[in-house]
Every structure is written in C-alpha cells, then in structure tokens.
Amino acid sequence: MSRNFRKQYYSSLGVQVVEVKPSLETAFQGDTLDVERLNKLCLWVRIPHSYRSLVWKVVLGALPLHKDVWPFIEEQRQEQYRDLKHAVKYLDPSQRNRDTLTPEAMVRMLLIQLSDYSRREQTRRIPPTQMNAPQEMSPLLHLANTFHEICDVNEMDAYWLFAFFVRKFRVDTGICQKDADDEKNRIHADIATLRTLLKTHNSGLLSHMDVLNLDWEHCFFSWFQAYFSNVLPSYCLEGLWDIILGGAPAILPYIALSLLIACRRKLEGAKTAQDFIKLCRQIDKFVDLDAVASTAIDLWEKPLLESMSRDTRKALGL
C-alpha cells in the first residue's frame, strides 16, 4: 500500500491515523519513556530513518526508559565497544589494519562478549577457538551487515543494536544449546504457519510443492534464521523489522508468503525439488523487493485491523 492509500484504508475502518514525527517527538518527551507507546508506533506506522536507531535502542533495551541515565549508559557502552573492537584486532590479524567496523568484526565482537558471559554462567556450547571465524554467509553475518547498513556511519549503534537483537530473539550463536533448540522450534512453527497461509492464498503453488515432495525445512530454514536479511536488502527490512521489534514477529511467515507469491510463476515451473530450492536461493533476482516488503505488511495487517473492535481501532490512534 502507498502511504495515502494506507491512510484511506485505516480511515475506512475507523482507525485514527497519526502523523509519525509529532507522535515520536511526543513519545520522547518527559524523563521516563513509555515503551508500549513506542512499540505501538513500530507496529502501526513506519518509523522515519532519522529516528530508527534511537527507537530501536529503546525497544530492544539497549537504552533504559529513564533518560537521565542515558549519558552514563552511552559512556559505558562506548568503553565496552572499544574493548571488544580492540580484542578482535588482537585475535584476528585481518582486522588489525582496519579502522572502520565491518560486519565480520561485529560478529566476532559479539561472540567474544557472549563467550565471556557464557563462561561465567557455565553455558558454553563450543570452545572459544571456534568463535573467531564466522562462516562467510552465516545468519549472524547477514544480520550484522543489515544493522551496519541501517545505522549508516554510527558504528557503535550498529554493533549494540545487532547485539541486543541477537539477545532479545535468542538467535543461535553456537554458544548456548537452549538458544539453538528454541530457534529450531520457532522456525519449525513459522514454517508450519507459512504452509497454512499458502493454502489460503495460493493453493495451486502449495499443491505443486507437495507434488515435488519439497523439504520445507531445508528450503526455508535459512530465511527465518536470518530474519530475511539474506534475501531482502536493508532498505526493505527497516519497515518489516519495525514491526518485529514492536512485538509482532508473527509477520515473518507473511514475508515468506509474499516472496513465494511474487515468484510463483517461476516456482511453478520447477521440475524437481532441487530446482525449486535453487530458485528460492536466488529469489531476490526475480521479484520486486520493495513490493514484496509492502505486500508482506499488507497481508499481515489487513486481517488484524478488520478483526479489531471500534474501541481498539480508536486506541490505535496512539
């Protein structure tokens, strides 16, 4: 949906539409912030790029709700960031002559930080020698790259948003077995939801996938594991991750659904499961990525808005 069409659509449902910038400015007034208010803004409006890092830091817990301690917290984070970056340069010769932060360095910094925590908590799963070299196309690296791009030149924001995102959503880092198990269960449930959605929105494609005897986990696991950062560019993910951080990771199957629907003709031409999986690995080449992101939001929010009571719609006006 275009912005104007979305406003008209919301109005037809009796939902008061708010202007984003004034609402954000109001949300950040006062000494103590209301995280629920920020969550609602993330869910129902698209956060402007200039505000996104600050909003995400608060909803992820990287900044506390009490604004008076922000200078102290930022000072502590800066010191810890410098220490972690120095540790990476010491451990990895390839990083020693680089002054700017790279996604590879972000992953190594996180693993060093989590390794220290797990050692104290006695939850380590892998030895530290295996934490120094992230695989070139790992989900963590894709996530780090997306935060690196979204935060533009603010390297410290990029790292801490990445680190707190991984913690909040218990992304598997190879360190904690429980995180790995929880992630597998989450993705298994998301893939089951995707199948149900596809049955409703495009049963023909679902039938074709069943005829191919497609291994859904093998085909789609990496999409959900990387929160689609291995498929969609950062400028498409910003609005989608607003919704996820606002408290609705349930949008993830809708992103997969939108991708499949956008590429359905090519996918329906796949003769084997292997051909189907190969097309999915290159799906970003065959679809309009902006349209995919927009369609995913439309598919997710339309049934929610239509099912809301009048009072809830009014409250949505924030």
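What you are looking at is a predicted structure, and each value in this text was computed from that prediction instead of being measured.

## Considering the overall build of the protein
Stage number 1. The secondary structure content of the protein amounts to 17 helices and zero strands.
Stage number 2. For the protein, the share of sequence-separated contacts (at least 6 apart) that also reach a separation of at least 24 residues comes to 71%.
Stage number 3. Accessible area for the protein stands at about 15,800 Å²; split by element, carbon and sulfur atoms hold 50% of it.

## Some details on the packing of aromatic side chains
The relative placement of two aromatic rings is captured by the distance of their centres and the angle of their planes.
Stage number 1. Counted according to the given criterion, the structure contains 17 aromatic pairs.
Stage number 2. Summarising the aromatic geometry, the rings of Tyr-81 and Tyr-159 are spaced 6.3 Å apart at their centres and angled 50° between planes, so their arrangement reads as tilted. Residue Tyr-81 is located in helix α5 (residues 70-91), and its partner Tyr-159 is located in helix α8 (residues 155-168); the two are separated by 78 residues in the primary sequence. The same class applies to Tyr-81 as to Tyr-159, namely buried.
Stage number 3. Between Phe-147 and Phe-162, the ring centres sit 6.5 Å apart and the planes meet at 55°, which makes this aromatic pair tilted. Taken as a pair, Phe-147 in helix α7 (residues 139-150) and Phe-162 in helix α8 lie far apart in primary sequence, 15 residues in all.
Stage number 4. A relative accessible area of 0% places Phe-147 in the buried class.
Stage number 5. By way of ring pairs, the aromatic residues Trp-56, Phe-147, Phe-162, Phe-165, Phe-169, Tyr-227 and Trp-241 are connected into one cluster.
Stage number 6. Directly above the ring of Phe-164 sits Arg-167, whose terminal nitrogen or CZ lies 4.8 Å from the centroid.

## Describing α8
Stage number 1. A rise of 1.5 Å per residue sets the reference length of α8, with its 14 residues, at 20 Å; its end C-alpha atoms lie 20 Å apart and thus fit the reference within 8%.
Stage number 2. The element α8 is largely enclosed, with a buried count of eleven among its 14 residues.
Stage number 3. The set of residues buried in α8 consists of Met-156, Asp-157, Ala-158, Tyr-159, Trp-160, Leu-161, Phe-162, Ala-163, Phe-164, Phe-165 and Val-166.
Stage number 4. Downstream of α8 by one or two residues, Arg-170 has phi in the positive range, about 50°.

## Quick notes on the pattern of salt bridges
Stage number 1. Applying the stated criterion across every chain, the model contains ten salt bridges.
Stage number 2. Arg-52 is paired through a salt bridge with Asp-242; the nearest N and O atoms lie 2.8 Å apart. Taken together, the residues span a long stretch of sequence, with Arg-52 in helix α4 (residues 49-60) and Asp-242 in helix α12 (residues 234-245) at a distance of 190 residues.
Stage number 3. Lys-178 is the partner of Asp-182 in a salt bridge, and the nearest nitrogen-oxygen pair spans 2.9 Å. Placement of both Asp-182 and Lys-178 in helix α9 (residues 177-201) is noted, with a separation of four residues, approximately one turn of the helix.
Stage number 4. The exposure class of Asp-182 is partly exposed, given its relative accessible area of 27%.
Stage number 5. Sharing partners across several salt bridges, the network here consists of Arg-170, Lys-178, Asp-179 and Asp-182.

## Quick look at the environment of Pro-48
Stage number 1. Within the secondary structure, Pro-48 sits in the loop between α3 (35-44) and α4.
Stage number 2. Residues Pro-48 and Gly-239 lie 191 residues apart in sequence; the distance between their C-alpha atoms is 9.3 Å.
Stage number 3. Not counting the four nearest positions on each side in its chain, Pro-48 is found in contact with Val-20 and Leu-24.

## A short note on the nonpolar core
What tends to happen in soluble globular proteins is that the nonpolar side chains get buried as a cluster.
Stage number 1. Formed by 108 residues in total, the largest nonpolar core has its most connected members in Tyr-159, Phe-162, Phe-220, Trp-223, Leu-232 and Phe-276.
Stage number 2. With ten residues, the single largest contributor to this core is α8.
Stage number 3. Not counting chain neighbours up to four residues away, the residues in contact with Phe-276 comprise Leu-205, Met-209, Leu-212, Leu-214, Cys-219, Phe-220, Leu-267 and Ala-270.

## Let's talk about the confidence of the model for the protein
Stage number 1. Here the protein averages 87 in pLDDT, while 85% of its residues score no lower than 70.
Stage number 2. The least confident element of the protein is helix α1 (residues 3-12), whose mean pLDDT is 47; the most confident is helix α13 (residues 252-262), at 98.
Stage number 3. Scored below 50 in pLDDT, residues 8-17 makes 22 contacts in the model with residues more than four places away or belonging to other chains.

## A few points about unusual backbone geometry
Most peptide bonds are trans, and most residues other than glycine sit at a negative phi.
Stage number 1. We note that Asp-152 has phi near 55°; this positive angle belongs to a residue other than glycine.
Stage number 2. If you trace the backbone, Asp-152 turns up in the loop between α7 and α8.

## Here we look at the packing of α9 against α13
Stage number 1. Where α9 meets α13, the closest approach of the two axes is 9 Å, and the angle between their N-to-C directions is 45°. In terms of their interaxial angle, α9 and α13 are classed as oblique. Note on packing geometry: the crossing formed by α9 with α13 is right-handed. Within the contact between the two elements, α9 uses Arg-186, Asp-190, Thr-193, Leu-194, Leu-197, Leu-198 and His-201 and α13 uses Leu-252, Pro-253, Tyr-254, Ala-256, Leu-257, Leu-260 and Ile-261.
Stage number 2. Looking at the contact of α9 with α13 residue by residue, the class counts come to ten nonpolar, two polar and two charged.

## Digging into the side chain of Arg-52
Stage number 1. With a relative accessible area of 4%, Arg-52 lands in the buried category.
Stage number 2. Side-chain polar atoms of Arg-52 contact the side chain of Glu-238, separated by 3.3 Å.
Stage number 3. Leaving out residues up to four positions away in the same chain, Arg-52 has contacts with Ile-47, Ile-150, Glu-238, Gly-239 and Asp-242.

## Details of α3
Stage number 1. Those residues of α3 not exposed but buried are Leu-38, Asn-39, Leu-41, Cys-42, Leu-43 and Trp-44.
Stage number 2. A distance of 3.0 Å separates the backbone nitrogen of Glu-36 from a side-chain oxygen at the start of α3, and that oxygen is part of Asp-34.

Analysis parameters
- Residues numbered from 1 in each chain as written.
- Predicted model: local features only at pLDDT ≥ 70, side-chain atom pairs only at ≥ 80, totals over all residues.
- Heavy atoms only, no water.
- Helix = DSSP H or I, 4+ residues; strand = E, 2+ residues; numbered from the N terminus.
- Contact = heavy atoms within 4.5 Å.
- Areas by Shrake-Rupley, 256 points an atom, 1.4 Å probe, with all protein chains shown as cover.
- Phe/Tyr/Trp six-rings, centres within 6.5 Å; stacked < 30°, edge-to-face > 60°.
- Buried < 20%, exposed > 50% of the residue type's maximum accessible area, 1.4 Å probe, protein only.
- Lys NZ or Arg CZ within 6 Å of the ring centre and 35° of its normal.
- Expected span 1.5 Å × (residues − 1).
- Salt bridge = Lys/Arg side-chain N within 4 Å of Asp/Glu carboxyl O.
- Core = buried A, V, L, I, M, F, W, Y, C linked by side-chain atoms within 4.5 Å.
- pLDDT = per-residue confidence, 0-100.
- Axes fitted to C-alpha atoms, helices over the stretch in contact; angles between N-to-C directions.
- Parallel < 35°, antiparallel > 145°, perpendicular 65-115°, else oblique.
- Left-handed = near helix turned anticlockwise from the far one by under 90°.
- Nonpolar A, V, L, I, M, F, W, Y, C, P; charged D, E, K, R; others polar.
- Polar contact = N/O pair within 3.5 Å; in protein donor to acceptor, adjacent residues only side chain to side chain.

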